[in-house]
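The primary structure of each chain is shown beneath.
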Amino acid sequence: MFRSRNVIKEAAAASTVDRRNLLKAGMFAGLGLAAAPALAACGGGSAGSGPGLKWAGWDGPPQSEVFRRFSEKMTEKLGVKVTYQQVVGDYLSKLLPQLSAGAAPDAFYVGDIYMAKLIETKQVLDLTDYLDSGSAAVRLDDFHEGLYRWCRPADGSPGLYGLPVDCSPLVFWFNKDLLAEAGVSTDPAARFEAGTWTQGALTDLLDKIRATKKRGLVLNGSNWFDWFGWMSTFGGTLFDESGKAVFDADPKSQEALAWLFEQLKSGNITYSGALPQGQGPDVLFYAGQLACLTYPRVILPNMKKVKFGFDITPLPSLSGKDVMPVPVNTAALSVNAKSKNQAKALEFLGNFLNAEGQRFRLSGGGNAVPSIKGLDDVVTEGNVPAHGSLFNDVAAKGYAVPSAIASNAKVARELPVMVDKMLKAGNETPRSFSGKVVKLINGGA
Amino acid sequence: MAVSSAGSRARARLTSADPDVHPDRRSRRRRGRDTAAGYLFLAPQLLGLVVFMVGPLLFALVLAFYHWDGFGTRSFAGLSNFTEVMSSQRIQRAAVNTVWFTVLQVPGLMLTGLFFALLMQRAGKLTPVYRLAFFAPVITSSVAVAAIWLWLFNPDISPVNNALRGIGLPAPNWLQDARFVIPAFAIVGIWQGLGYQLIMFMAGLQSIDRSFLEAAVLDGCSEWQKLRHVTIPLLSPTILFLSITSIIGSFQVFDYIYVFFDDRAPDSARTIVYEVVRIAFGEFNFGAASALAFLLFLALLVVTGCQLAAQKKWVHYTE
């Protein structure tokens, strides 16, 4: 018995697979397994390196479902697997590392305040050759000109590095029932059609609403998009030809700002920064507590659920009949300069942005406005709102982010904070207010 | 025969030592092999630590001395990123806000945590229920917590404000009034972090030897005296640990601000980490952001070092 035990011990000792070796082997295997995903992740998995085509944006449901169907359609058309990557959370902070690591999608959405940086650092492809090739699925002439200037290099050099996927022009929404209760006999849309939708008409309307103890209008925020329109709609010149901000010295802009400050002071217009945090003007509007709202088409799905009558019109003008230039929010689709599927990515871009692509994405409950001409029927679906075709008119005349803001991320970030502070403090004159803003914009920081 | 011979050699390697090698050297070799094996066993974890913690930390430190927009080539910046962030009034304001938040949150957390832990000692059978109730916010996403408090801080409908008005106090516009925005963050932070503090204090209280308290009773101590002279000194290791982790956590506050204000927080609401994110991803200035992050790291290192140095004077270890 003892002998047999010794034999076993000897055999174990002689074996090359002893316990320590077994543990070591297991440890190395474990190490390999643990490291594999990390090494695979470090390896990239660049969208451009595979056979498929990946594109990314920030839109979640329900739009992501439309994108999924569009990707399926493109898979058939382009002959490569097209996949939409929905970026959840902070889009930019996820896109930047991907670009830096060479692992970004083949095509992706670009917001207006970082396009300039992507152009400067050659992360996005110049679309000029593709658009001039004659075989492009979309033509530059199809787009409203004011909507893609920010996709050009800020220094004025040639090139176009993205095109707007759609747009969100600022229009004047109004609650017909509240206006009627306040004794406004002719609503803004009717006034616009009659050519009497002027600054005076709006002031009169807001005076009447204030008398009912309801809110008339809310100045929607402190970003350029929220208040530049009040100067340009009343004929102000905001930037000169070289792109420098000049509204601190432009008489019409100053008059418009003086009017705006007067309305804020009288209570006809409320600054949204004075509302409780999280209580947006759109919510007040849905609740019937706010008579008028300057907002893009994005609120339409919610507006379809309200119980009161509503409609839209352009912002008032000095003439009372013109659609004046006002801000339009846009995002662009660009092609990754490092994509290994550039030809297919460009083809995808063309199909995404052309009339067929925009109709596919924006029809049936879409909440944006086409960025190209000739798709009027998309915004008049169901005849809601009654003057929905005006969305297109405003988009055609409107302007996207000014280059002076788009080309400097620091200015773009600081501008709304600075304006918010001044509007809350309420102790600036139009001239001092605009002087500080212009200094920030032209000064670059 | 050959197999038997190989087996004998293997046995010899395992069981007998080379007579030419000094015993100390053999011992060192064995220790070296054991150490190497230990590191190999730790390797999966160490690899993760190096790749995901040490690597980025060193990269951030290097970046702090460069101008870099996140894409292009880096250029050496010397100390200019540090001088830029240290001379910025915006960053100075954020630093003051961060310290103010810490001053409000950390004592608030610890005092309420200790208070409720002491009460929970008398909760009897309901202890697990209370523990669950207090701990629920800890495991709730900060984003969800902030979303709830966004409504609780709405002055038009806020029950907090109604309660304040009920006892005759002014009801502030929490998130819009520059004086109250940091206290508002502290309230949310205390509400969410209380459960963790409570559990830690309860564990600390349970580890106190009953004989100390019984001896105090025999000596005629009142409840307050027992707390003051027995419980708190014996809880001091727990208090030290919680104060260190709470201060580090409060210096890194970011999520509430981001949910409350997105990327447009006013000066009065910005903290250091908020500025780090903003400078990096909003202004594409990764060098300055890294410099600021490194300064924050240094500040935390100094604060934690001071806490550890001071512990000799007030922390009592029973073992």
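Residues numbered from 1 in each chain as written. Chains lettered and ligands numbered in written order. Predicted model: local features only at pLDDT ≥ 70, side-chain atom pairs only at ≥ 80, totals over all residues. Heavy atoms only, no water.

### Quick notes on the UniProt feature "transmembrane region" (unreviewed entry) in chain B
Residue and element names in this part refer to chain B. Cut-off, in case you're wondering: UniProt positions are given in the numbering used here, feature names are shortened, and annotations may be inferred rather than shown by experiment. Under the scheme used here, helices are H or I runs from DSSP no shorter than 4 residues and strands are E runs no shorter than 2 residues, and both carry numbers assigned from the N terminus.
Mapped onto this numbering, the UniProt entry gives "transmembrane region" (unreviewed entry) at residues 36-66, 99-120, 132-152, 180-203, 234-259 and 279-303. Secondary structure content for residues 36-66 is 90% helix and 3% strand, and the end C-alpha separation is 37 Å. When the span residues 180-203 is considered, its composition is 96% helix and 0% strand, and the gap between its end C-alpha atoms is 34 Å.

### Describing the packing of helix 19 (residues 409-425) of chain A against helix 12 (residues 272-282) of chain B
Where we set the bar: Think of each axis as a best-fit line through the C-alpha atoms, taken over the contacting stretch in the case of a helix, with angles from 0 to 180 degrees between the N-to-C directions. Note on terminology: angles under 35 degrees are roughly parallel, angles over 145 are roughly antiparallel, angles of 65 to 115 are roughly perpendicular, and the others are oblique. Contacts are assigned to residue pairs that have any heavy atoms within 4.5 Å of one another. Charged residues are taken to be Asp, Glu, Lys and Arg, nonpolar residues to be Ala, Val, Leu, Ile, Met, Phe, Trp, Tyr, Cys and Pro, and polar residues to be all remaining types, Gly included.
Running from N to C, helix 19 of chain A and helix 12 of chain B cross one another at 135°; their axes reach a closest spacing of 9 Å. Put simply, helix 19 of chain A runs oblique to helix 12 of chain B. Residues Ala409, Arg413, Glu414 and Val417 of chain A of helix 19 of chain A touch helix 12 of chain B, and the partners they reach there are Arg278, Phe281 and Gly282 of chain B. Grouping the constituent residues of the contact of helix 19 of chain A with helix 12 of chain B by class yields three nonpolar, one polar and three charged.

### Some points on the pattern of salt bridges
Test applied: The salt bridge criterion pairs a side-chain nitrogen of Lys or Arg with a carboxyl oxygen of Asp or Glu, the two atoms within 4 Å. The classification of residues rests on relative accessible area computed with a 1.4 Å probe and restricted to protein chains. Under 20% of the type maximum is buried, over 50% is exposed, and intermediate values are partly exposed.
Taken as a whole and assessed by the stated rule, the structure comprises 23 salt bridges over all chains. One salt bridge connects Glu414 of chain A with Arg278 of chain B, and the closest N-O pair in it is separated by 2.9 Å. On the criterion of chain membership, the pair formed by Glu414 of chain A in helix 19 and Arg278 of chain B in helix 12 is interchain, its members lying in two chains. We note that Glu414 of chain A, like Arg278 of chain B, is buried.

### What to know about the sheet that holds strand 1 (residues 53-57) of chain A
Strands in a sheet are paired, the pairing made by backbone hydrogen bonds, and the direction either parallel or antiparallel. Residues and elements named next belong to chain A. So the rule is basically this: Only strands that DSSP links by at least two bridges are regarded as paired with each other.
On the basis of which strands lie adjacent, the open sheet formed by five strands has the order 2-1-3-10-4 and mixed pairing. Sheet topology places strand 2 (82-86) and strand 4 (163-169) at the edges, where each strand pairs with a single neighbour. The mean angle between the axes of side-by-side strands here comes to 20°, regardless of whether they run parallel or antiparallel. Note: strand 3 (residues 107-110) against strand 10 (residues 328-335), four bridges, orientation antiparallel. Its bridge partner lying in strand 10, Ala107 is registered against Val335. In this fold helix 3 (residues 63-78) packs onto strand 1, strand 2 and strand 3, with an angle of close to 160° to the strand it touches most, strand 2. Contacts from helix 17 (residues 390-397) reach strand 4 and strand 10, with the element oriented near 120° to strand 4.

### A few points about the packing of helix 19 of chain A against helix 20 (residues 430-443) of chain A
Residues and elements named next belong to chain A. Using the following cut-off: Handedness of each helix crossing follows the sense of rotation of the near helix against the far helix: counterclockwise by less than a right angle gives left-handed, clockwise gives right-handed.
Close contact between helix 19 and helix 20 brings their axes to 10 Å; oriented N to C, the two are set at 165°. The angle between helix 19 and helix 20 places the two elements in the roughly antiparallel class. Here helix 19 runs over helix 20; the crossing is right-handed. On helix 20, the residues that touch Val411, Glu414, Leu415, Met418, Val419, Met422 and Leu423 of helix 19 are Phe433, Lys436, Val437, Leu440 and Ile441. A class-by-class count of the residues in the contact of helix 19 with helix 20 yields 10 nonpolar, no polar and two charged.

### A word on helix 19 of chain A
Residues and elements named next belong to chain A. For clarity, the threshold we go by: Expected span, for any helix, means 1.5 Å times one less than how many residues it has. To obtain the bend at a residue, axes are fitted to the seven residues ending there and to the seven starting there, and the angle between these axes is taken. Contacts described as polar in this section are N or O atom pairs within 3.5 Å, which, within protein, must combine one atom able to donate a hydrogen with one able to accept it, while residues neighboring in sequence count only if both atoms come from side chains.
Given a rise of 1.5 Å per residue, 17 residues ought to cover 24 Å, and the 25 Å separating the end C-alpha atoms of helix 19 matches this to within 8%. When the local axis directions of helix 19 are compared, the greatest deviation, roughly 25°, occurs at Leu415, which is followed within four positions by the proline Pro416. For helix 19, a buried count of 12 out of 17 residues is recorded, marking the element as mostly surrounded by other parts of the structure. Regarding helix 19, its N-cap is Asn408, as a side-chain oxygen of that residue lies 3.0 Å from the backbone nitrogen of Lys410 further along.

### A short note on the pairing of strand 10 of chain A
All names here are of chain A. Within strand 10, seven of the eight residues are buried, which leaves it mostly tucked inside the rest of the structure. Across six bridges, strand 4 lies against strand 10 in antiparallel orientation. Each residue of the ladder has a partner; that of Leu163, found in strand 10, is Leu333.

### Concerning the interface of chain B and chain A
Short version of the rule: When two parts are put together, the accessible area they lose, computed with a 1.4 Å probe and summed over both, is reported as buried area.
Facing the 40 residues of chain B at the interface are 42 residues of chain A. Taken over both partners, the interface formed by chain B and chain A buries close to 3400 Å², and the fraction arising from carbon and sulfur atoms is 63%. There are six salt bridges connecting chain B and chain A. Remark: the boundary between chain B and chain A carries 12 residue pairs in polar contact (both at pLDDT 80 or more). Considering only residue class, the side of chain B that touches chain A consists of 21 nonpolar, seven polar and 12 charged.

### A closer look at the sheet that holds strand 7 (residues 269-271) of chain A
All names here are of chain A. Pairing is mixed across the open sheet formed by five strands, whose spatial order is 7-6-8-5-9. With one partner strand each, in any of the chains shown, strand 7 and strand 9 (310-313) form the two edges of the open sheet. The average undirected angle you get between the axes of adjacent strands in this sheet is 25°. As judged from the two bridges shared by strand 6 (residues 215-219) and strand 8 (residues 290-295), these two strands associate in the parallel manner. Bridge assignment links Leu217 to a residue of strand 8, and that residue is Cys292.

### What about the UniProt feature "domain: ABC transmembrane type-1" (unreviewed entry) in chain B?
Using the residue numbers shown here, the UniProt feature "domain: ABC transmembrane type-1" (unreviewed entry) corresponds to residues 95-307 of chain B. With 74% helix and 0% strand, residues 95-307 of chain B has end C-alpha atoms that lie 20 Å from one another.

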